[in-house]
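Now for the letters of each chain:
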Amino acid sequence: MTHSNKEINRLTPTNEDTVGPYYPPSLCENNSMDMTSIRSGIVFKPLGEKITIKGCVKDIDGKLSNGCLLEFWQPNSQGVYYRADTESHEMVDPWFTGYTRHRTKDGNFSLTTIKPGTADGRAPNITVTIFSDGIMRVVTQLFFADEKSNRDDPLLLSIPEELRERLMINKISDHKYEIEIIMAGKNETPFFDDLLS
Amino acid sequence: MTKYGRQLGIGPTDNTSNERTPRNKLNLIPEAARKSFVPYAPGIHGINLAEADMTRIAPGRPRASGEAIKVSGKLMDEYGRPIKNALIEIWNANQHGGYTHDEDHSGLPIDQNFLGIGRTLSNSDGNYEFWTIKPGAYLARPDIGRWRPPHIHVSIIGGSSRLISQMYFPNDPHNDKDPMRILMGDNFKANIGKKYNVTANDFDCGYNFDIIIGGKNPTFFENDIT
Ligand SMILES: [Fe+2]
């Protein structure tokens, strides 16, 4: 996918291309989808509410999208992202990086994580990047339906009201949530453009 | 007030593309939310240097069959600044077009000496290099006779946006009919490796592939990793 480069002195980015059907799952650091145990076999655990989000990625026909590479990124329960520039932040949780990735064989996933806190004036959210055969990378952020702060979130406010519910992770019971991501067509999940933005 | 970004194209003759490409335009991200979109992947640097030599399963093992090539280039942002210490993941088919992936049911021959998966990091000048076997073309859609041209998949974590792309080879007869290549238009030339001669003894040739990561997001890999 190309995009026009209005500023002459800037280089044109390398085209993104499809991940194809054969992304090696062994490249994912752990395919376990549990962000709460970056170091196994110790008594230390990350702060916050441990939750499980069951989800799936569906195509235009409502069929599961097999072979997607999913990447998740979020702040810790205190709302702090673990990054190179925040490594020594006092609120960084040493037992939580907020990043994991997973290649889903059949299109379903189950993410175990810590409920994200409020970061930088944002409602709690999880960034999801999806790579799949036949498409370019797409990226979005998922929110929690029961959070009051959603009504002031700048990203949610930037899209039409009727689309916001498509980004909502719904609570089904204590500590258990679910979400359906729809790649195309009816009820399509809103995706965002981080190259042109 | 919604502002729109790109409309992703649907690759012609590709079923998956039709079924999975969003029909709506991408939404622009307001300034207040932009920074939160760039993942920082910690703990990914436990890389063995030998992982960059994909022509052998492990050091000292036999060389995989086919044309051994070097691929090198520079990782940069849109302003030409080097992106250092970024993780580059590579995967490609063997000389027959077959992958070692357990979902590749093409029946193409597997080379016991070729894994087809490698990793490396860009250095402090943004330069990277790896060695692999030149992949073969493969028939992706036997029902309509559509081939995939030889290509090397690359994934980069550590720039201002996440990138997965492919390097293609110059003058391959299958290049022009590739559905993703058609979507790239004239800019496809940026995804073709530029051939150069390698003076080192045991490689057939090299390809230069500079990679420019788009986006205005901050790069979180600017710190040196010790
Ligand atoms: Fe491929």
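Scroll up to find the structure this text is about.
None of the values given here were measured: they were computed from a predicted structure.

Helix and strand content of chain A: two helices and nine strands. Along the chain direction, N to C, the helices and strands of chain A fall in the order β-β-β-β-β-β-α-α-β-β-β. The globule rule puts the C-alpha radius of gyration for 197 residues at 16 Å, and the 17 Å found for chain A is close to it. Considering only C-alpha atoms, chain A reaches an extent of 50 × 40 × 35 Å along its principal axes. The buried share of chain A, reckoned over its 197 residues, is 57%. Expressed as a percentage of contacts within chain A between residues at least 6 apart in sequence, the contacts between residues at least 24 apart total 69%. Working note: accessible area of chain A is about 8,200 Å², and carbon and sulfur atoms make up 49% of it. Treating the 22 positive side-chain charges of chain A as one cloud and the 29 negative ones as another, the clouds have centres 4 Å apart.

Our focus in this paragraph is the interface of chain A and chain B. Across the contact, 75 residues belong to chain A and 76 residues belong to chain B. Summed over both sides, the interface of chain A with chain B buries roughly 6,900 Å², with 57% coming from carbon and sulfur. If you sort the residues of chain A by the area they bury against chain B, Thr14, Asp17 and Tyr22 of chain A come out on top, with a joint share of 11%. Residue Glu103 of chain B pairs with Arg103 of chain A through a salt bridge whose shortest N-O separation is 2.8 Å.

Counted according to the given criterion, the structure contains 23 salt bridges over all chains. One salt bridge connects Asp153 of chain A with Arg122 of chain A, and the closest N-O pair in it is separated by 2.8 Å. Here Arg122 of chain A lies in the loop between strand 4 (108-114) and strand 5 (125-131) and Asp153 of chain A lies in the loop between strand 6 (138-144) and helix 1 (154-157), a separation of 31 residues in the sequence. Side by side, Asp153 of chain A and Arg122 of chain A carry an identical accessibility label, which is buried. Residue Asp14 of chain B is joined to Arg146 of chain B by a salt bridge in which the shortest nitrogen-to-oxygen separation is 3.8 Å. Of this pair, Asp14 of chain B sits in the segment before helix 1 (15-20) while Arg146 of chain B is found in strand 7 (residues 146-148), placing the two residues 132 residues apart along the sequence.

Residue and element names in this part refer to chain B. If you trace the four strands from one edge of the open sheet to the other, you get 4-3-8-9, paired in antiparallel fashion. In the strand order of this sheet, the two ends are held by strand 4 (117-121) and strand 9 (163-168), each with one partner. Across the sheet, the mean angle from the axis of one strand to that of its neighbour is 25 degrees, orientation sign disregarded. Alignment of strand 3 (residues 87-92) against strand 4, held across five bridges, turns out to be antiparallel. Considered in strand 4, the bridge of Trp91 is made with Ile117.

Further remarks concern the coordination of the iron ion. Residue and element names in this part refer to chain B. Summarising the metal site, the iron ion is bound by the protein donors Tyr99 (OH), Tyr138 (OH), His151 (NE2) and His153 (NE2), whose distances to it range over 2.0 to 2.6 Å. Taken together, the four donor atoms coordinating the iron ion span angles of 91 to 161 degrees at the metal, a pattern that classifies the geometry as irregular. Each donor residue of the iron ion lies on one chain, and together they are spaced Y-x38-Y-x12-H-x1-H. Note that Tyr138 is positioned in strand 6 (residues 138-141) and His151 in strand 8 (residues 151-157), a separation of 13 residues in sequence. You can call His151 buried: its relative accessible area is 2%.

What follows is about unusual backbone geometry. Residue and element names in this part refer to chain A. One non-glycine residue, Asp120, lies in positive phi territory at about 50 degrees. Secondary-structure assignment places Asp120 in the loop between strand 4 and strand 5. Residue class for Asp120 comes out exposed when judged on its relative accessible area of 65%.

All names here are of chain A. Structurally, the position occupied by Thr113 is in strand 4. Looking at Thr113, its side chain comes within polar contact range of the side chain of Gln74, at 2.8 Å. Contacts of Thr113, omitting those with residues within four sequence positions, involve Met35, Thr36, Glu49, Lys50, Ile51, Ile53, Gln74, Phe96 and Ile126.

What follows deals with the layout of surface pockets. Reported here for the largest pocket is a volume of approximately 660 Å³. In terms of lining, the largest pocket is formed by 29 residues, of which the most central are Pro21, Tyr22 and Asp133 of chain A together with Tyr138 and Ala140 of chain B. Class assignment of the residues belonging to the lining of the largest pocket gives a composition of nine nonpolar, nine polar and eleven charged.

With respect to the helices and strands, Gln166 of chain B occurs in strand 9. The class for Gln166 of chain B is buried, based on a relative accessible area of 0%. A polar atom in the side chain of Gln166 of chain B sits 3.5 Å from the side chain of Asp17 of chain A. Beyond its immediate chain neighbours, meaning those up to four positions away, Gln166 of chain B contacts Asp17 and Thr18 of chain A together with Arg148, His151, Ile152, His153, Val154, Asn191 and Phe209 of chain B.

Below, the discussion takes up the environment of Leu75 of chain B. Residue and element names in this part refer to chain B. For Leu75, the location among the structural elements is in strand 2 (residues 68-77). Leu75 sits in the buried class, given a relative accessible area of 0%. Separated by ten residues in sequence, Leu75 and Asn85 have C-alpha atoms that sit 9.8 Å apart. If we skip the residues at most four places from it in the chain, Leu75 touches Arg81, Pro82, Ile83, Ala86, Ile88, Ser122, Gly126, Ile156 and Ile211.

Let's shift gears to the environment of Asp153 of chain A. Residue class for Asp153 of chain A comes out buried when judged on its relative accessible area of 0%. Not counting residues within four places of it along the chain, the set of residues in contact with Asp153 of chain A comprises Arg122, Ala123 and Phe143 of chain A.

Rules and cut-offs
- Numbering of residues begins from 1 in every chain and follows the order in which that chain's sequence is written.
- Starting at A for chains and at 1 for ligands, labels are handed out in the order in which the entities are written.
- Owing to the predicted nature of the model, reporting of local features is limited to residues with pLDDT of at least 70; listing and counting of side-chain atom pairs is limited to 80 or more, with chain, interface and lining totals taken over all residues.
- Hydrogens and water are ignored here; the side-chain numbers use all heavy atoms of the structure.
- Strands here mean DSSP runs of E at least two residues long; helices mean DSSP runs of H or I at least four residues long; both are numbered from the N terminus.
- It is over C-alpha atoms that the radius of gyration is taken, and the globule rule equals 2.2 Å times the number of residues to the power 0.38.
- For every residue, the accessible area (1.4 Å probe, protein chains only) is compared with the maximum for its type, and the residue is labelled buried under 20%, exposed over 50%, or partly exposed between those bounds.
- Here, residues are in contact when the closest pair of their heavy atoms is within 4.5 Å.
- In this description, accessible areas are obtained by the Shrake-Rupley approach with a 1.4 Å probe, and a residue is regarded as covered only by the protein chains that are shown.
- Positive charges come from Lys and Arg alone, negative charges from Asp and Glu alone, with His and the N- and C-terminal ends not counted.
- Here the site of a charge means NZ on Lys, CZ on Arg, CG on Asp, or CD on Glu.
- Throughout, the accessible surface (probe 1.4 Å) given up by two parts as they are put together, summed over both, is called the buried area.
- Each reported salt bridge corresponds to a side-chain nitrogen of Lys or Arg within 4 Å of a carboxyl oxygen of Asp or Glu.
- Two strands pair if DSSP finds at least two bridges between them.
- Each axis is a line fitted through C-alpha atoms, taken for helices only over the stretch in contact, and angles between the N-to-C directions span 0 to 180 degrees.
- Atoms of type N, O and S within 2.8 Å of a metal are treated as its donors, and for Na, K and Ca the window is 3.2 Å; water is not considered, so some sites may appear to be missing partners.
- Only two sets of limits are used to name each site, 85 to 135 degrees for every angle of a tetrahedral four-donor site, and over 155 degrees for opposite donors with all other angles from 65 to 115 for a square planar four-donor or octahedral six-donor site, with any other site named irregular.
- As used in this structure description, the phrase polar contact means that two N or O atoms lie within 3.5 Å; if the pair is within protein, one of them must be able to donate a hydrogen and the other to accept it, and residues adjacent in sequence are counted only when both atoms belong to side chains.
- Of the two site types, the cavity is a set of points on a 1 Å grid over the protein atoms alone where a 1.4 Å probe fits but cannot get out, and the pocket is an open set with protein on both sides within 12 Å along at least five of seven lines, each lined by residues with an atom within 4 Å of a point.
- Grid points are joined across faces, edges and corners, and a volume is the space filled by probe spheres set on the points.
- Nonpolar residues are Ala, Val, Leu, Ile, Met, Phe, Trp, Tyr, Cys and Pro. Charged residues are Asp, Glu, Lys and Arg, and all others, Gly as well, are polar.

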